[in-house]
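Topology and contacts: notes
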Amino acid sequence: MRGVALAGAAAATLDRGYSFHRAVGTSAGALVAALVVAGYSSQELEEEVAGLNWRRLLHPTPMATLPLVGKQLALMAHKGVNSTNRIEAVWSQLLLRKGVRTFADLPEGALQVVATDLTHGAGVAFPHCLPSYGLDPETFPVARAVVMSAAVPFLFAPVPLRDTLTGEKVLFSDGAMAANYPIGVIAKDRPVFGFRLSPDGDPHVHHSMRGPYGLAKAVIVSGIRARYSLPRTIEGADEVISVPVRDDLDFDATARHASAAFARAYSAASDQLVPIRTA
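Let us look at the structure shown here. Numbers given for residues are sequential positions, taken from 1 along each chain in its written order. Confidence filtering applies because this is a predicted model: local features only for residues at pLDDT of at least 70, side-chain atom pairs given and counted only at 80 or more, and all residues used for totals across whole chains, interfaces and linings. Calculated side-chain values reflect all of the structure's heavy atoms, with hydrogen atoms and water omitted.

Where helix α3 (residues 42–50) meets helix α8 (residues 255–272), the closest approach of the two axes is 10 Å, and the angle between their N-to-C directions is 145°. Between α3 and α8 lies a crossing whose hand is right-handed. Contacts between α3 and α8 involve Ser42, Leu45, Glu46 and Ala50 from the former and Ala258, Ser259 and Phe262 from the latter. Every axis corresponds to a line fitted to the C-alpha atoms, with the helix fit spanning only the stretch in contact, and the corresponding angles, defined between N-to-C directions, vary from 0 to 180 degrees. Comment: elements are numbered from the N terminus, with helices defined as DSSP H or I runs of at least four residues and strands as E runs of at least two. Less than a right angle of anticlockwise turn of the near helix away from the far helix marks a crossing as left-handed, whereas a clockwise turn marks it as right-handed. Any two residues whose heavy atoms approach within 4.5 Å at even a single point are treated as in contact.

Pasting the structure below:
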């Protein structure tokens, strides 16, 4: 739902007459940022993001579907309940429609994707971090970087990457652990707009926390939502657009709910932006 909301805000920005010279994204923001810099229009964002069957993107890891203890076993054996394979496959196809496969297919510096290097406990930004792992940004798939950023811990297994300099297998996970609002990563050569998610509707969430998976999910959802409840000083952006979102990790949302979330975010962002008039 965070991705749907951010897509709605991006669509409103485009319809107000703005264009994105550079974009940086974390987690769901990385998914949307990749489509924006690839050239997706506001209508295409609505069709492809709000209209996507998100539930079908969940690809359970082995043992995750076993009754009662399956998710717990999947966490222990595979470090996550789902793999990111289906999301990567879908985003690869979406990007290929605009002629984008690797970072070489985008203007230099147009996209940065924040992920968390679990192996070394570090926040990294793709594609700039790739040479430190012995990899060439020109040949690295954009969709792979995006799913590394979007691999929410426990819900998704970490995404592996082979460091060709050391031979080590490095695991990557959700970039939100490193930078939930990565505005400081972007180069300020143009006016910078920050899209900041905010709670929409009832902020109260109750977690039952039954078993290890219930606890793991509660930790992640609380980590996402807890930031909403604290006073914040937002720096680094010329304009901060507040984007309303509900049910952050709801993969069971119907098409109607997704369309409504897109529309709410579109309307909120549109109201906050001054339209650009062209001669």
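The structure having been displayed, the exposition proceeds.
On to the environment of Glu44, then. Tracing the sequence through the fold places Glu44 in helix α3. Here's how the labels work: a residue is buried when its accessible area is under 20% of the maximum for its type, exposed when over 50%, partly exposed in between, all with a 1.4 Å probe on protein chains only. Glu44 gets classed as partly exposed once you look at its relative accessible area, which sits at 24%. What Glu44 contacts, discounting residues up to four positions off in sequence, is Gly39, Val49 and Lys98. In terms of polar contacts, Glu44 uses its side chain to reach the side chain of Lys98, at 3.0 Å. For this analysis, a polar contact is any N or O atom pair within 3.5 Å, provided that within protein one partner can donate a hydrogen and the other can accept it, and provided that sequence-adjacent residues contribute only side-chain to side-chain pairs.

With that settled, consider the environment of Arg101. As for its position among the elements, Arg101 is in the loop between α5 (85–96) and β4 (111–117). Along the chain, Arg101 and Ala143 lie 42 residues apart, while their C-alpha atoms are 7.5 Å from each other. For Arg101, the residues in contact, after removing those within four places along its chain, are Leu96, Phe140, Pro141 and Val142.

Take the sheet that holds strand β3 (residues 80–83) next. Paired strands are those between which DSSP finds at least two bridges. Strand order in this open sheet of three strands is β2-β3-β6, and the pairing throughout is mixed. Each edge of the open sheet is held by one strand with a lone partner, namely β2 (59–60) and β6 (154–156).

With that out of the way, let us pick up a negative patch on the surface. A grouping of Asp105, Glu108, Asp136 and Glu138 is seen on the molecular surface, where their side chains present a negatively charged patch. In this fold, Glu138 is placed in the loop between β5 (122–126) and α6 (142–150). According to the relative accessible area criterion, Glu138 is partly exposed, its value standing at 49%. Patch criteria: residues need more than 30% relative accessible area and no salt bridge. Like-charged residues are merged within 9 Å; nonpolar side chains of Val, Leu, Ile, Met, Phe, Trp and Tyr are merged within 5 Å. The accessible surface values rely on the Shrake-Rupley method and a 1.4 Å probe; as for residues, cover is taken only from the protein chains in view. Salt-bridge detection follows one rule: a side-chain nitrogen of Lys or Arg within 4 Å of a carboxyl oxygen of Asp or Glu. Charge counting treats Lys and Arg as positive and Asp and Glu as negative, with His and both chain ends excluded. Taken as the charge centre is NZ of Lys, CZ of Arg, CG of Asp or CD of Glu, depending on the residue.

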